[in-house]
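# Descriptive structure summary
Residue strings, one per chain:
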Amino acid sequence: MTASAEQRAEPNPAADYPALWPVATRWDDNDHYGHVNNVTYYAFFDTAVNGWLMSTTGVDIRELPAIGVVAETSCKYHRELSFPDRLQVGLSVEKLGTRSIVYSLALFRDTDGDELQLAATGRFVHVYVDAVTRTPVPIPTEIEAAARTLVVPR
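Identification of the chain as 4-hydroxybenzoyl-CoA thioesterase from Rhodococcoides kyotonense is taken from an unreviewed UniProt entry. The annotation that UniProt attaches to the chain under Sequence similarities (unreviewed entry) is "Belongs to the 4-hydroxybenzoyl-CoA thioesterase family."

As structure tokens, this is what we get:
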């Protein structure tokens, strides 16, 4: 994966994200080319969103009567990552609806200094559905209250 100088520009510094969630790379995250495989970035996003929600709400979100299912996700790669990089996922909410949340995410390499290097930006949409019937329902109050703290005016 080679990024142009324009792609390497860091338009989304960590300060633009109200929360950072640590994620570790694993040995098996690297692909044959020696960098973290592209699909793994989506797992980092998923882990950060759900880990942050559980930590912030104090609730096991898997046991709520409504669950967030992923309706859309995207990723733009800015810089290669490789095991054993330490990472931080920046989380913000782009749109908080009544039945869905649009997260804006960034993946940063945590360097030995205070600098976080932007590696990827992404978007993650959770639509809330009844855990049994899978029909759309309002966002649970615990989730809505937590997500509200991540809303960033755009």
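The structure having been displayed, the exposition proceeds.
Here we come to the overall build of the chain. Each helix and strand in the chain was counted, giving three helices and five strands. Along its sequence from the N terminus, the chain presents helices and strands in the succession α-β-α-β-β-β-β-α. Relative to its length of 154 residues, the chain is compact, with a C-alpha radius of gyration of 16 Å against a globular reference of 15 Å. Considered along the principal axes of its C-alpha atoms, the chain spans approximately 45 × 35 × 25 Å. The buried share among the 154 residues of the chain stands at 42%. When contacts within the chain are restricted to residue pairs at least 6 apart in sequence, long-range pairs at least 24 apart make up 72% of them. As presented, the chain carries roughly 8300 Å² of accessible surface, and 53% of it is formed by carbon and sulfur atoms.

Let us now look at the nonpolar core. If you look at the biggest cluster of nonpolar residues, it comprises 31 residues, and the most contacted ones within it are L53, L91, I101, Y103, L105, L107 and I143. Elements with a contribution of two residues or more to this core: strand 1 (19–24), helix 2 (38–57), strand 3 (86–96), strand 4 (100–110), strand 5 (116–130) and helix 3 (141–148). Here this core takes seven residues from helix 2, the largest share from any one element. When residues no more than four places from it in sequence are discounted, the contact partners of I101 are V93, K95, L96, F124, V125, H126, Y128, I139, I143 and A147.

Moving on: the packing of helix 2 against helix 3. Two packed helices can be described by the angle between their axes and the distance between those axes. With their axes 10 Å apart at the nearest point, helix 2 and helix 3 run at an angle of 105 degrees to one another. When the interaxial angle is binned, helix 2 and helix 3 end up roughly perpendicular. In this structure, helix 2 contributes W52, L53, T56 and T57 to the contact, and helix 3 contributes E142, I143, A146 and A147. Taken together, the residues of the contact of helix 2 with helix 3 sort by class into five nonpolar, two polar and one charged.

With that settled, the discussion passes to the packing of aromatic side chains. On inspection of all chains with the given rule, the structure shows four aromatic pairs. An aromatic cluster is defined as three or more aromatic residues linked by ring pairs; in this entry it consists of Y41, F44 and Y77.

The next point concerns the sheet that holds strand 4. On the basis of which strands lie adjacent, the open sheet formed by five strands has the order 1-3-4-5-2 and antiparallel pairing. The open sheet terminates on both sides in strands that have one partner only, identified here as strand 1 and strand 2 (66–77). Between one strand and the next, the sheet's axes are offset by a mean angle of 30 degrees, whatever the strand orientation. Lying on the sheet, helix 3 is in contact with strand 3, strand 4 and strand 5; it crosses strand 3 at an angle near 105 degrees.

Across its 20 residues, helix 2 extends 30 Å between first and last C-alpha, which sits within 8% of the 28 Å expected from 1.5 Å per residue. On its buried face, helix 2 sits against strand 1, strand 2, strand 3, strand 4, strand 5 and helix 3. You can read the cap of helix 2 off the contacts: a side-chain oxygen lies 3.2 Å from the backbone nitrogen of V39, and it is on N37. Just past helix 2, the residue G58 takes up positive phi, approximately 70 degrees.

Calculation notes
Residues numbered from 1 in each chain as written. Predicted model: local features only at pLDDT ≥ 70, side-chain atom pairs only at ≥ 80, totals over all residues. Heavy atoms only, no water. UniProt positions renumbered as here; feature names shortened; annotations may be inferred. Helix = DSSP H or I, 4+ residues; strand = E, 2+ residues; numbered from the N terminus. Rg over C-alpha atoms; globule rule 2.2 N^0.38 Å. Buried < 20%, exposed > 50% of the residue type's maximum accessible area, 1.4 Å probe, protein only. Contact = heavy atoms within 4.5 Å. Areas by Shrake-Rupley, 256 points an atom, 1.4 Å probe, with all protein chains shown as cover. Core = buried A, V, L, I, M, F, W, Y, C linked by side-chain atoms within 4.5 Å. Axes fitted to C-alpha atoms, helices over the stretch in contact; angles between N-to-C directions. Parallel < 35°, antiparallel > 145°, perpendicular 65-115°, else oblique. Nonpolar A, V, L, I, M, F, W, Y, C, P; charged D, E, K, R; others polar. Phe/Tyr/Trp six-rings, centres within 6.5 Å; stacked < 30°, edge-to-face > 60°. Pairing = 2+ DSSP bridges. Expected span 1.5 Å × (residues − 1). Polar contact = N/O pair within 3.5 Å; in protein donor to acceptor, adjacent residues only side chain to side chain.

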